[in-house]
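Structural overview for review
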Amino acid sequence: MTDDNITLSRRTLLGGMAGIGLAAGALGTGTYALLSDTESSADNTITAGTLNLKVDGQNSVSETINISSAGSGSSGSGTATLSNTGSTHGKLGFGIENVENFEGANPESESGDTSNPGELDQYVWVEVGVIQNGVKVPGVGPAPLSVLDDLSRMTGSILRAGSTATMYIDWMVPDLGNDAQGDRAEFDVVIDIEERPVWSADTVVTSGDSIQAAIDAASSGDVIEVRNGTYTGDLVIDKPLTLLSKNGAEYTKIVGDGSTEPGGAPNVVVNVTSSDVTVEGFTIDGLASTQGALDIAATLSNVSVICNRLIGNGGNNLGTLQPGDYSDIEVARNVFDGAPSLMAYINGAASGGTQSQNITVVDNYFGGEIDSGSKLTMGFEADGGEIARNMFLTDISGAPYAQLELFGSSTTIEDNLFEVPAGGVGIRDGNSTYNNTTLRNDNAFFGDGTDVQG
């Protein structure tokens, strides 16, 4: 990253200085044990692949962006080039760490707390993510620095071996209070890369081909790899298989047309009607005004929805309102966007079905807005599993209900970030089975609503 100074104009000098330090991480993939019969096969070797992430060509980065005179309504941005110089593909993730405040010179108009540390981190909002193929994929934020410290998630963006991507840092000061005048804040941006397993494809789909035709022709357990392009038409995945894109959601798009909805199923782009299915690395866009992104039919198990960008426009982005009884469902590293009726719903006993079990919802980014009367981002009717490291930043303003509603018990719920609008709730415990204090302490909240209610 270059040593750019971002100078703000047209604003009174109300703020201090926010320094952004970058730290790049390098991660190896590990070494696998070799099995050999020494009587018949000698001198066998296996060499592990490598992941090596560089920021602006360096493994260790100390450059900073200095933001001076940050005032109410001010904003700015910076970028850096990320390179994967290793031999294996990886998934990118971002985090904010080591947030520090320093009290300033205490000008005459400053009120409230004038002792160390300062208060600037409560007013400066930061968002960090990656731009690939012209698509801006958020990783962490936007939220105040004070609640982002030590929260991280994987964006789901794939950085292939030998490839580069542009990281962005956006900052804004919606409203700067007098108590932060002259104060200074510093923080680190941490970038991670995690190996993406290399699949051996049974079928390759290229632009102009039909994904549904490949699914229909596939055998149980096949891997279908989809190359870059935009593919129009709804899909029904009715057998165990893996459907994955070669280069990720920013390059591979499935656009719905409402053409192949199975009887009784919600109007979505991708209908999963079989257990043992993985859908990874797509932008799934419900263009129709009532179309959601992906539905998992009732009673299924061992379904993974990973590293997708789910854009619903009416309907549910992910889930179903049919009877539940799901088990071993993984929803990880997805970006939820658009204007659906619900971002995600895992059905179970509260809606009249059988309670679902062992549902994992981790490292997801919930953005967009709820375009219905529900004003609920995610409903969760399940026992066991995990809800962790998600960012619940959906716009549910206007009679907001909740970012997360729980019906069940024994789920690990921690390290999530909740934006809670006035009149709304961050976590609503429908059965009052969780400890409210534990939920509040194990997660981060900001906004004017109620953190936890149960």
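Data block above holds the structure.
Below or above, wherever it landed, is the structure these notes cover. These numbers come from a predicted model, not from an experiment.

Some details on the packing of aromatic side chains
Tallied over the full model, the rule gives 5 aromatic pairs. Taken together, a centroid distance of 5.2 Å and an interplanar angle of 15° make the contact between Phe418 and Phe445 stacked. Pair noted here: Phe418 is in strand 34 (residues 417–420) and Phe445 is in strand 36 (residues 444–447), with a separation of 27 residues, a long-range link. There is no split in this pair, since Phe418 and Phe445 are both buried. An aromatic cluster is defined as three or more aromatic residues linked by ring pairs; in this entry it consists of Phe336, Phe366, Phe392, Phe418 and Phe445.

Section: the sheet that holds strand 34
Ordered in space as 14-17-20-23-26-29-31-34-36, the 9 strands form an open sheet in which the pairing is parallel. Strands at the two margins of the open sheet, each flanked by one partner only, are strand 14 (229–232) and strand 36. Sheet topology places strand 34 next to strand 36; 4 bridges connect them, and they run parallel. Looking across to strand 36, one finds that Glu419 is bridged to Phe446.

Remarks on the pairing of strand 32 (residues 402–407)
In terms of burial, strand 32 is a largely internal element, 6 of the 6 residues being buried. Direction of pairing for strand 30 (residues 376–388) relative to strand 32: parallel, over a ladder of 5 bridges. Its bridge partner lying in strand 32, Gly379 is registered against Glu405. Bridge count between strand 32 and strand 35 (residues 425–429): 4 bridges; the pairing is parallel. If you follow Leu404 over to strand 35, its bridge partner there is Ile427.

Brief notes about the environment of Gly93
Among the structural elements, Gly93 can be located in strand 6 (residues 90–102). When the C-alpha positions of Gly93 and Met154 are compared, they lie 3.8 Å apart, and in sequence the two are 61 residues distant. Leaving out residues up to four positions away in the same chain, Gly93 has contacts with Arg153, Met154, Thr155, Val190, Ile191 and Asp192.

What counts and how
Residues numbered from 1 in each chain as written. Predicted model: local features only at pLDDT ≥ 70, side-chain atom pairs only at ≥ 80, totals over all residues. Heavy atoms only, no water. Phe/Tyr/Trp six-rings, centres within 6.5 Å; stacked < 30°, edge-to-face > 60°. Helix = DSSP H or I, 4+ residues; strand = E, 2+ residues; numbered from the N terminus. Buried < 20%, exposed > 50% of the residue type's maximum accessible area, 1.4 Å probe, protein only. Pairing = 2+ DSSP bridges. Contact = heavy atoms within 4.5 Å.

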